[in-house]
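In case you want the letters, here they are:
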Amino acid sequence: MAPNPRIPTPEGLNAEFYARAQSGVVHLQQCSDCGLLRHPPRYHCPRCASGSFGWSPSAGRGQLFSWTVTHLPFDRGWAEEVPYISAVVELDDGVRVVGSLEGVAADELRIGLPLTLRATPLAPEFTFLTFHPCQGEAP
Ligand code: ZN
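Residues numbered from 1 in each chain as written. Predicted model: local features only at pLDDT ≥ 70, side-chain atom pairs only at ≥ 80, totals over all residues. Heavy atoms only, no water.

## Concerning the overall build of the protein chain
Scanning the protein chain from N- to C-terminus turns up one helix and eight strands. Seen in sequence order, the protein chain has helices and strands lined up from the N terminus as α-β-β-β-β-β-β-β-β. A compact globule built from 139 residues would reach a C-alpha radius of gyration of about 14 Å, and the protein chain, at 16 Å, matches this within 12%. Principal axes of the C-alpha set define a box for the protein chain whose edges measure 45 × 45 × 25 Å. (Helix = DSSP H or I, 4+ residues; strand = E, 2+ residues; numbered from the N terminus. Rg over C-alpha atoms; globule rule 2.2 N^0.38 Å.)

See below:
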């Protein structure tokens, strides 16, 4: 059976990031020397250049920083999903994460909207990240 073309196969540090998220909890890279959390994953700390790091669980809460609404899919695998919202969310951890935004209409979005992050495994090597309005939060 051919692999689903919609599911990417991450490599390197990205593979490590998505593998950790299989548990449903997103883990962020954290510098072992200065403690800075960073995302996306990279080999050296942007603050102190250290190559030592660990992974720290995120509470998965943040605020909408920016978004785009896709009406014309460039990949036919997403044709039935349009329109869909891709969001950049600033987590309370201090890093920005990109994911799909669900549970809110595009015309109800506003910068600063409180969101929660959900990690859903789609394959053993990939976890789909989605954001949802916080419980009880009106857009
Ligand atoms: Zn550092």
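## Brief notes about the sheet that holds strand S8 (residues 126-133)
The mixed closed barrel is built from five strands, whose spatial order is S4-S5-S6-S8-S7. Recorded for the sheet is a direction-independent mean angle of 45° between the axes of neighbouring strands. Strand direction decides the pairing type here: strand S4 (residues 61-70) and strand S5 (residues 84-91), joined by eight bridges, are antiparallel. Residue pairing for S5: Trp-67 is matched across the bridge by Ala-87. (Pairing = 2+ DSSP bridges. Axes fitted to C-alpha atoms, helices over the stretch in contact; angles between N-to-C directions.)

## Observations concerning the coordination of the zinc ion
Listed as protein donors to the zinc ion are Cys-31 (SG), Cys-34 (SG), Cys-45 (SG) and Cys-48 (SG); their distances from the metal cover 2.3 to 2.4 Å. Here the zinc ion binds four donor atoms, and the angle range of 101 to 119° at the metal identifies the geometry as tetrahedral. Each donor residue of the zinc ion belongs to the same chain, with the gaps between them written as C-x2-C-x10-C-x2-C. Of this pair, Cys-34 sits in the loop between strand S1 (27-31) and strand S2 (37-38) while Cys-45 sits in the loop between S2 and strand S3 (53-57), and the two are eleven residues apart along the sequence. (Donors = N, O, S within 2.8 Å, 3.2 Å for Na, K, Ca; no water. Tetrahedral: all angles 85-135°; square planar, octahedral: opposite > 155°, others 65-115°.)

## Here's the deal with helix H1 (residues 12-20)
Of the residues making up H1, those classed as buried are Leu-13, Phe-17 and Tyr-18. For H1, the buried positions fall inside an angular range of 135° around the axis, keeping them on one side. (Buried < 20%, exposed > 50% of the residue type's maximum accessible area, 1.4 Å probe, protein only. Arc of directions from axis to C-beta.)

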